[in-house]
Amino acid sequence: MTHADALRAELARAARTLGAPDDVSPILERPRDPAFGDWATTLAMTLAKPLGKKPRDIAEALIAALDRPRVGIVSAEIAGPGFINSRLDPGYQARGLLQILAAPEQWGRLDIGHQRRVCVEFVSANPTGPLHVGHGRQAALGDAISTLLEWTGWKVDREFYYNDAGAQIANLAKSTQARVRELAGHPLAIPEGGYHGAYIAEIAERYVQQHPDDRDGNDLDALRQFAVAALRHEQDLDLQAFGVKFDTYYLESSLYTDGRVEQTVEALKASGHTFEEDGALFLRTTTFGDDKDRVMKKSAAKGGDYTYFVPDVAYHVTKWERGYTRAINVQGADHHSTTTRVRAGLQALGIGIPQGYPDYVLHQMVTVMKGGEEVKISKRAGSYVTVRDLIDEVGRDAVRYFYLMRKGDSQLVFDVDLARSQSEENPVYYIQMAHARMCGIFRVGEIQAATVTGDGVDLGVLKEPAEQELVKQLLDFPAMVKGAADNLEPHRIAGWLLETARAAHTWYHKHHVLGEPEAITNARLVLARASQLGIAAGLRILGLSAPERM
RNA sequence: GCGCGCGUAGCUCAGUUGGAUAGAGCGUCGGCCUCCGGAGCCGAAGGUCGCAGGUUCGAGUCCUGCCGCGCGCACCA
């Protein structure tokens, strides 16, 4: 239980003595201006209507009813239309830091999920090329969202869905074939819609080395397997460089080989939500909110294949059957039309899957600028910037932070030159520097940081404004983690880290820890240790390193 | 045309679920190194929160209508 929880409970108790309903839930805010105090509540204003009294009168009665010493309040006053601004005893407030020192691994963790299982699917790139900057955003987002859910008590599996079946893979095989034949002296003939990137030619060269008996590239099946394996390996290396690990790789092709696609189609037919028209099989998705019905199986004239969303529905059935009561898919906004279709398919099956299943976190497009011009991302034309290009140029931590510092649903302009030139000025170094500085204090003072527990230390001496700001900022962490997890918005962590780093730098610059009177030094060592641990915790959620020196 | 997202400082973006005088980074300008790391600190300039209405004690935030940008709207994936 944090201090804010205790304060809310006390406010609610006081409110009930005035006749407020039992379920009253006071809202606490940090005032924008510290001059207003440490906490503000709008409780009196929200009670004005139900109690039929003026906000300021209610505020007065509330203050009188509060057991102030119990929650460390030293002063409370009414402001504006009915805010109650309260100030806390510095020592009382700072004692919250002891929670961080006592159990650093637990700090900021909550149990909302009760270890229920959730599947977070992200990246899921077709194995038809290396990962580009758009996949990078997904990798950073998906990984951070997964970690946030772990911190709030969910049992998370990170899953990568391989679209290793279908038309794009056929294109890949034929493109590789064209390159193999080029090596054998034939004119280059990349098929319509094929892949032109240089990496295809490299794969072709290796194919010929390992398949000397097929210099003319006649074995399309072997070409396909070879190319897919090569590109999966490439993508694995990209993810490794980015520090992202998956628990499960699910292959689309397996849905065909184990009969799940057929089973799903039969079940949908049996549900009565399908119909045939012009020789094609349709799912009546309009019943479930779609704006038109969708083809499931193409007519014989068009090849008779299933459209892509049919295996996608079968795939999501497996998520449900594998025990994930919650599923989150991180995807680019260009795929947003699929959400309606997949959900419609799952509803049509009528097997008890909840309506909003799965959740989607859609992120807007990433535009790449290089040399002052937009780089058009086209795998087929072979012009794009890969995740590994970025990592090589600005470093893993900076790339991750860059992706995560803004909300997913705003468009992201990734200016490669800027990211590179700013690498010295990048906020991530500012944050990591704050962490390193805190570590530096212990290094210089030759103090084992872990031995600082705060036992017997009077934290009431942390009275400087810069100290109190830093204390409040650190103690806000658990609430901020909860907000970020509830909304699946890791960028809130990035913002918190920046503010915390700023508060830490300011404090560090104004006040010394070592060489002060013993009582001061001891209290400030607690604050330094708590800052170091708090910043490290935030960095860890985003998948960034917390260096002890830079 | 329809659906989703976005429009906030010169640029890139936050804005704690409707709160008080709208913030940060970069850029620009001006200060600060005997001092636990200057990869830092302090300060200044810079805003019609796209436009117009509405809801209420109170709107950048919610509703409606416009304008602009992006992405979707296949028997492509």
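Residues numbered from 1 in each chain as written. Chains lettered and ligands numbered in written order. Predicted model: local features only at pLDDT ≥ 70, side-chain atom pairs only at ≥ 80, totals over all residues. Heavy atoms only, no water.

### Overview of the overall build of chain A
Move 1: Within chain A, the secondary structure is distributed over 21 helices and 15 strands.
Move 2: C-alpha atoms of chain A, sized along the principal axes, occupy 85 × 60 × 40 Å.
Move 3: For chain A, contacts bridging at least 24 residues in sequence account for 72% of all contacts bridging at least 6.
Move 4: Of the side-chain charges in chain A, 62 are positive and 72 negative, and the distance between the mean point of each set is 3 Å. (Helix = DSSP H or I, 4+ residues; strand = E, 2+ residues; numbered from the N terminus. Contact = heavy atoms within 4.5 Å. Lys, Arg positive; Asp, Glu negative; His and termini not counted. Charge placed at Lys NZ, Arg CZ, Asp CG, Glu CD.)

### Quick notes on the packing of helix α14 (residues 387–394) against helix α15 (residues 396–404)
Move 1: At a closest axis distance of 7 Å, the pairing of α14 and α15 adopts a crossing angle of 120°. Residues L390, I391 and V394 of α14 form the contact with α15, whose own contacting residues are R396, A398, V399 and Y403.
Move 2: Across the contact of α14 with α15, the residue classes tally to six nonpolar, no polar and one charged. (Axes fitted to C-alpha atoms, helices over the stretch in contact; angles between N-to-C directions. Nonpolar A, V, L, I, M, F, W, Y, C, P; charged D, E, K, R; others polar.)

### Describing the confidence of the model for chain A
Move 1: Averaged over chain A, the pLDDT score is 91; the fraction of residues at 70 or greater is 98%.
Move 2: Taking the mean pLDDT of every element in chain A, the minimum, 74, falls on strand β14 (residues 373–375) and the maximum, 97, on strand β5 (residues 117–121).
Move 3: Across the assembled chains, the prediction reports ipTM 0.94 with pTM 0.94. (pLDDT = per-residue confidence, 0-100.)

### A look at the side chain of D157
Move 1: Tracing the sequence through the fold places D157 in strand β6 (residues 155–162).
Move 2: Since its relative accessible area comes to 12%, D157 is described here as buried.
Move 3: Only 3.3 Å separates the side chain of D157 from the side chain of R117, close enough to count as a polar contact.
Move 4: Excluding residues that lie within four positions of it along the chain, D157 makes contacts with R117, V118, C119, V120, D247 and Y324. (Buried < 20%, exposed > 50% of the residue type's maximum accessible area, 1.4 Å probe, protein only. Polar contact = N/O pair within 3.5 Å; in protein donor to acceptor, adjacent residues only side chain to side chain.)

### Points about the protein's contact with RNA strand B
Move 1: Close to RNA strand B lie 58 residues, the nearest being K298, Y430, R437, N487 and H511.
Move 2: For RNA strand B, the fraction of protein-proximal atoms (within 4 Å) that sit in sugar or phosphate groups is 65%.
Move 3: Separating a sugar or linking oxygen of RNA strand B from a side-chain N or O atom of K292 is a distance of 3.4 Å.
Move 4: Those elements giving two or more residues to the surface near RNA strand B turn out to be β4 (83–88), β15 (412–415), α17 (427–445) and α20 (491–510).
Move 5: The element that contributes the greatest number of residues to the surface near RNA strand B is α20, accounting for seven residues.
Move 6: Residues belonging to the surface near RNA strand B are distributed by class as follows: 22 nonpolar, 21 polar and 15 charged. (Near = heavy atom within 4 Å.)

### Some words on the pattern of salt bridges
Side chains carrying opposite charge are able to pair once their charged atoms draw close together.
Move 1: Under the defined criterion, the tally for this structure stands at 25 salt bridges.
Move 2: In this structure, the salt-bridge partner of E105 is R540, at a minimum N-O distance of 4.0 Å. Taken together, the residues E105 in the loop between α5 (97–102) and β5 and R540 in helix α21 (residues 518–542) connect sequence positions 435 residues apart.
Move 3: Among the residues examined, E105 registers a relative accessible area of 48% and is labelled partly exposed. (Salt bridge = Lys/Arg side-chain N within 4 Å of Asp/Glu carboxyl O.)

### Quick look at α14
Move 1: When we look at burial in α14, the residues that qualify are V387, L390, I391 and V394. Each buried residue of α14 lies within a common arc of 100° when the element is viewed along its axis, so the set occupies one face.
Move 2: Each element contacted by the buried residues of α14 is listed here: α6 (133–151), α9 (220–242), α15, β15, α16 (416–421) and α17.
Move 3: The first or second residue beyond α14 is G395, which carries a positive phi of 95°. (Arc of directions from axis to C-beta.)

### Some remarks on the sheet that holds β15
Move 1: Taken together, three strands build an open sheet; the order of strands is β14-β13-β15 and the sheet is mixed. In the strand order of this sheet, the two ends are held by β14 and β15, each with one partner. Recorded for the sheet is a direction-independent mean angle of 40° between the axes of neighbouring strands.
Move 2: Pairing analysis gives three bridges linking strand β13 (residues 366–370) to β14, with the strands arranged antiparallel. Among the inter-strand pairings, K370 is bridged to a residue of β14, identified as E373. (Pairing = 2+ DSSP bridges.)

### Section: the environment of P21
Move 1: As for its placement among the helices and strands, P21 is situated in the loop between α1 (3–17) and β1 (28–29).
Move 2: Overall, P21 belongs to the partly exposed group, its relative accessible area being 40%.
Move 3: Sequence separation of P21 and V330 is 309 residues, and the distance between their C-alpha atoms is 40 Å.

### Here we look at the sheet that holds strand β12 (residues 359–363)
As a general point, the strands of a sheet are linked pairwise by backbone hydrogen bonds and lie either parallel or antiparallel.
Move 1: Spatially, β7-β6-β5-β11-β12 is the arrangement adopted by the five strands of the open sheet, whose pairing is parallel. Of all the strands in the sheet, just β7 (248–251) and β12 have a single pairing partner and so form its edges. Direction aside, neighbouring strands of the sheet carry axes that sit 25° apart on average.
Move 2: Looking at chain direction, strand β11 (residues 326–332) and β12 are connected through five bridges and run parallel. Counterpart to N329 in the pairing with β12 is Y360.
Move 3: Running at roughly 170° to β12, helix α13 (residues 337–349) makes contact with β11 and β12 of the sheet.

### Concerning the packing of helix α19 (residues 477–486) against α20
Geometry of a packed helix pair, given as the angle between the helix axes and the separation of the axes.
Move 1: With their axes 8 Å apart at the nearest point, α19 and α20 run at an angle of 155° to one another. The angle between α19 and α20 places the two elements in the roughly antiparallel class. For the pair formed by α19 and α20, the contact residues are F477, M480, V481, G483 and A484 on the first element and R492, I493 and W496 on the second.
Move 2: Residue composition of the contact of α19 with α20, by class: six nonpolar, one polar and one charged. (Parallel < 35°, antiparallel > 145°, perpendicular 65-115°, else oblique.)

### Considerations on the packing of aromatic side chains
Move 1: Taken as a whole and assessed by the stated rule, the structure comprises 18 aromatic pairs.
Move 2: Between Y162 and Y249, the ring centres sit 6.0 Å apart and the planes meet at 25°, which makes this aromatic pair stacked. One end of the pair, Y162, is in strand β6; the other, Y249, is in strand β7, and 87 residues separate them in sequence.
Move 3: Since its relative accessible area comes to 0%, Y162 is described here as buried.
Move 4: Both rings, one in F246 and one in Y249, keep their centres 5.8 Å apart while their planes meet at 55°; by these two values the pair is tilted.
Move 5: Its relative accessible area of 11% is what places F246 among the buried residues.
Move 6: Among the aromatic residues, those joined into a ring-pair cluster are F122, F160, Y162, F246 and Y249.
Move 7: Of note, R109 hangs over the ring of W151, and the distance from its end group to the ring centre comes to 4.3 Å.
Move 8: Above the ring of W154, the side-chain terminus of R326 is found at 4.8 Å from the ring centroid. (Phe/Tyr/Trp six-rings, centres within 6.5 Å; stacked < 30°, edge-to-face > 60°. Lys NZ or Arg CZ within 6 Å of the ring centre and 35° of its normal.)

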